[in-house]
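Residue-level listing of the chains:
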Amino acid sequence: MNGTNDTYDVVVIGTGVAGALIAWKLSAKKGAKILMLEAGEKRLDDRKQFVKIFSELPQKEPPPPLHDRSPIRPYTRIDEDNRRFSHSPDVEDFAKPGAVPLYYQQSGPDIFKSQYARLVGGSTWAWRGNSPRNAPNDFRLFERYKRGVDWPISYDDLEPFYCDAEDALGVAGDHDEWNSVTRRSRPFPMPKIAQAYGDRELMEKLGKTKFDGVDIRLLGLPQARNSKPYDGRPACQGNNNCIPICPIQAKYDATVHVKKALQNNVALIERAVVTELKLDPNGNIDTVVYKSWDGEVHTVKGRIVVLAANTIESAKIWQLSNGGQGLANTSGQVGRNLMDHIGGEGAALMPFAVFPFRGPQSTSCIEGFRDHKDRDKFAGVRLTIGNDGWGRGKHPYDNLKEATGGDLKDLAAKRLFGAELQAELLKTISHQMRIAYSIEQLPDANNRVFPSKTEKDDLGIPKPQIEYKVDQYSFDGAAYAQRIIKHIFTTVRAPEETWEFSDLKARAYSGSAHIMGTLRMAKDAKCGVVDSNCRSFEHKNLFVADASVFATSAPTNPTITVAALALRTAKAIEQQLANG
Amino acid sequence: MVMEEDNMAESKIDIDRFLALSKVLTGAANLDTALAEAYLARLSDAFPAPPAPPVPPAPPAPTMADVLTAFAAIEKDEHLVFEVKRRIVEDKVLGSLAQKIIFIWYTSEFVGADGKPKTGTQEQFYSGLLWKVIRAHAPTNSKLKYGDWINPPAAH
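Owing to the predicted nature of the structure, the values given are computational and were not obtained by experimental measurement. (Residues numbered from 1 in each chain as written. Chains lettered and ligands numbered in written order. Predicted model: local features only at pLDDT ≥ 70, side-chain atom pairs only at ≥ 80, totals over all residues. Heavy atoms only, no water.)

**Details of the overall build of chain A**
Stage number 1. What chain A contains, in helices and strands, is 14 helices and 18 strands.
Stage number 2. Computed over its C-alpha atoms, the radius of gyration of chain A comes to 23 Å, within 12% of the 25 Å expected for a compact globule of 580 residues.
Stage number 3. The C-alpha extent of chain A, read off along each of the three principal axes, is 75 × 50 × 45 Å.
Stage number 4. A total of 580 residues make up chain A; the buried ones form 65% of that total.
Stage number 5. Of the contacts formed within chain A by residues at least 6 apart in sequence, a portion of 74% connects residues at least 24 apart.
Stage number 6. For chain A, the computed accessible surface area is about 20,800 Å², with 48% contributed by carbon and sulfur atoms.
Stage number 7. With 77 positive and 72 negative side-chain charges, chain A shows a spacing of 2 Å between the two charge centroids. (Helix = DSSP H or I, 4+ residues; strand = E, 2+ residues; numbered from the N terminus. Rg over C-alpha atoms; globule rule 2.2 N^0.38 Å. Buried < 20%, exposed > 50% of the residue type's maximum accessible area, 1.4 Å probe, protein only. Contact = heavy atoms within 4.5 Å. Areas by Shrake-Rupley, 256 points an atom, 1.4 Å probe, with all protein chains shown as cover. Lys, Arg positive; Asp, Glu negative; His and termini not counted. Charge placed at Lys NZ, Arg CZ, Asp CG, Glu CD.)

**Points about helix α5 (residues 95-107) of chain B**
All names here are of chain B.
Stage number 1. The end-to-end C-alpha separation of α5 is 18 Å, in line with the 18 Å expected for 13 residues at 1.5 Å each.
Stage number 2. With respect to burial, α5 is a largely interior element, twelve of its 13 residues being buried.
Stage number 3. Listed in full, the buried residues belonging to α5 are G95, L97, A98, Q99, K100, I101, I102, F103, I104, W105, Y106 and T107.
Stage number 4. Immediately downstream of α5, the backbone of S108 shows phi near 80°, a positive value. (Expected span 1.5 Å × (residues − 1).)

**A few points about the side chain of R375(A)**
Residues and elements named next belong to chain A.
Stage number 1. Within the element layout of this structure, R375 appears in the loop between β12 (362-366) and β13 (381-386).
Stage number 2. For R375, a relative accessible area of 0% corresponds to the buried category.
Stage number 3. A distance of 2.6 Å separates polar atoms of two side chains, one belonging to R375 and the other to D138.
Stage number 4. Residue contacts for R375: discarding those within four places in its chain leaves N137, D138, L141, Y145, R147, R370, G380, E440, Y473, A554 and P555. (Polar contact = N/O pair within 3.5 Å; in protein donor to acceptor, adjacent residues only side chain to side chain.)

**Digging into empty space enclosed by the protein**
Residues and elements named next belong to chain A.
Stage number 1. Following the criterion strictly, the structure yields five cavities of 30 Å³ or more and no others.
Stage number 2. The computed volume of the largest cavity comes to approximately 70 Å³.
Stage number 3. Lining of the largest cavity is provided by 13 residues; of these, R225, C236, N239, C242 and C246 occupy positions nearest its centre.
Stage number 4. Taken together, the residues that form the lining of the largest cavity break down as six nonpolar, five polar and two charged. (1 Å grid on protein atoms, 1.4 Å probe; cavity = no way out; pocket = protein on both sides within 12 Å on 5 of 7 lines; lining within 4 Å. Points joined across faces, edges and corners; volume = space filled by probe spheres on them. Nonpolar A, V, L, I, M, F, W, Y, C, P; charged D, E, K, R; others polar.)

**Considering the packing of aromatic side chains**
Residue and element names in this part refer to chain A.
Stage number 1. With the rule as written, the count across this model stands at 26 aromatic pairs over all chains.
Stage number 2. Judged by centre distance (5.3 Å) and plane angle (55°), the rings of W151 and F550 are tilted. Taken together, the residues span a long stretch of sequence, with W151 in the loop between α5 (141-145) and α6 (155-169) and F550 in the loop between β18 (542-544) and α14 (559-578) at a distance of 399 residues.
Stage number 3. These aromatic residues form a ring-pair network of at least three members: Y103, Y104, F112, Y116 and Y468.
Stage number 4. The ring of F501 carries K486 above its face, with NZ or CZ at 5.0 Å from the centroid. (Phe/Tyr/Trp six-rings, centres within 6.5 Å; stacked < 30°, edge-to-face > 60°. Lys NZ or Arg CZ within 6 Å of the ring centre and 35° of its normal.)

**Regarding helix α13 (residues 472-491) of chain A**
Residues and elements named next belong to chain A.
Stage number 1. Here α13 is 20 residues long and its end C-alpha atoms lie 28 Å apart, about the 28 Å a rise of 1.5 Å per residue gives.
Stage number 2. Buried residues of α13: Y473, S474, F475, G477, A478, Y480, A481, Q482, I484, I485, I488 and F489, and no others.
Stage number 3. A side-chain oxygen of the first residue of α13 lies 3.2 Å from the backbone nitrogen of Y473; this N-cap is D471.
Stage number 4. Backbone geometry just after α13 places R493 at a positive phi near 60°.

**Description of the interface of chain B and chain A**
Stage number 1. Each partner contributes to the interface: chain B provides 48 residues, whereas chain A provides 54 residues.
Stage number 2. For the pair chain B and chain A, the summed buried surface comes to about 4,200 Å²; carbon and sulfur atoms form 67% of the total.
Stage number 3. Contact with chain A buries surface across chain B, with T140(B), Y146(B) and W149(B) losing the most and accounting together for 18% of the total.
Stage number 4. Linking chain B to chain A there are zero salt bridges.
Stage number 5. At the junction of chain B with chain A, the criterion picks out 21 residue pairs in polar contact (both at pLDDT 80 or more).
Stage number 6. Those elements that provide at least two residues to the side of chain B that touches chain A are α1 (2-26), α4 (80-89), α5, α6 (122-126) and α7 (129-133) of chain B.
Stage number 7. Examining the composition of the side of chain B that touches chain A, we find that seven residues originate from one element, α5(B), more than from any other. (Buried area = accessible area lost by both parts, 1.4 Å probe. Salt bridge = Lys/Arg side-chain N within 4 Å of Asp/Glu carboxyl O.)

**A few points about the pairing of strand β14 (residues 432-439) of chain A**
Consecutive side chains along a regular strand alternate between the two faces of the sheet.
Residues and elements named next belong to chain A.
Stage number 1. Taking burial as the measure, the eight residues of β14 include eight buried ones, the bulk of the element.
Stage number 2. The side-chain alternation of β14 yields two buried faces, one formed by Q432, R434, A436 and S438 and the other by M433, I435, Y437 and I439.
Stage number 3. Where strand β11 (residues 342-349) meets β14, eight bridges bridge the pair, whose relative direction is antiparallel. For I342, the partnering residue across the bridge sits in β14 and is I439.
Stage number 4. With five bridges joining them, β13 and β14 adopt antiparallel strand pairing. Within the sheet, the bridge partner assigned to V381 lies in β14 and is I439. (Pairing = 2+ DSSP bridges.)

Written out as structure tokens, the structure reads:
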């Protein structure tokens, strides 16, 4: 074991948006000695290489075992070492029956379908940048609807930090549009992202339609994407590739704050996979143990330790710590309440051209149903208008194959070529639109992650074992979302013959890569793992700063809430450091 | 030396022929000659002449040479598009390669004889006709300015 003599004021485990923001914020004031540990690689200057890899990979899903549509693919394909050690659940096709488990060990009954990136900067490399805030009722779901639990903080507690997070990430949005949805004390730092041509056409054709008594309004989706040059990064050029990679970094990713932290003299060790936190006799974290990719074991010490390794990894580290006995678990909630947003979509050919694949992958959303009147019965719903044709449901290459005769086995199938082929592709793809839904999932103690007792990764560290089920509350929310989308398609007269919907009778759902829960915050140690400042109830020098602290999921993309919580936690850490 | 020159001349004829056929199949009037050379090489490598008669004899696998030979027989026809449809696109054997020629020009990738996708270079991906035809651009290859996407695209 290689121990270092270095003791840091703060050791931050993980360099995603939460870890990067905390390291940056704490290092802004001189004096604090800070270390970031990252399980993945430091590839801060490799954007062009990632883009090249992306453009030279198959754009369509090839047959097994070469599933190449994972958003993580450009990053894990960079070299063999990275493929071996990156340990993001990369090429596994969760949706296919009989798929071979790679990293996640899934016990069911349902499949957990979301993944994350192990890389300096974390999963924000491959996010879409969507940054709507949680609404006030999302923090008091039990009080308001007798569902789930309440957070120990209110919307008002977090609101100033939402503003700070929007400034830090650079969120483009319209203050007046959003002030009525989620009260705002400050404007966004940038005007909203220009809404796509197709969205504008849809808005015009929809007119003043209502569903369930609620106006259907297409708002400009707040996004951590530049609508003008901001923070040294350019305005969006509409590359339509936010996932998996923005080629010009107009979209925020956490490398922005990793670089700022490094400029403030924060130390960073890459390829450092934390395996355990050791306790001192007082129950505080004494030592952080990690393995480098060569298998060597190392230790460092921190006066304060911040766990920001992602909802799955943070919960796993918690349970592997203290000599394998795990850290404190008074509430019994450690590793439990794993949540995601249940995803799906409706797609149709619009009776008007929308010309997708120009501009960001989505620019508009519908917020009127996220806190609907029946939320005591079924889940809140958010809808996003796609600007990428039929998205993952049908790639333009599928249209091309269909138009040229498919697999050529059907002799009656038309084999278009030349001008006729061009006309067919333009006519079809330019009219493709999809509306995606994102459905909240309730905290359920039976949905959990824990270290596998039998399966280990290449470094000999237990893989995560997952037990997971999607409940009827979420599926009923998905059914409601589909009814809204069908109403929209009917209103604009999109021919029903062209509709495609996720099949809820077959319990179809997708993951959203919004992994939440597992170390939830609560008002006391009987109900949760960390307090309202995201500090462990029992280990007073341990903070958690990723989406594992979420008490409920809301139906909203979690990153801006993770960022706001991280900035709030940084303030609490500052105070604790000042108090000695 | 003479043989080498002969080979080069033959290869030039093949590229020209491939380019002419490609124009009919894709509907694009202007196709890049350097890409044509690269695409013909990639497809010819993937669909070469069979080395020896397979045992038991399988149905003849089409080769790129077969396609170009078939095209040579019709390239001067007054109704070229119709002949390409009848003799190549709808031909039981050659039809699959016609589809692959379309795919390589439209996307830079095609499925090889082994069933696996064969991708091209970044430059080839960015040259995909599909994106031009739908009046967009290959992902990560936008030439737009901020906000251009609020208006419908001009036809290329």
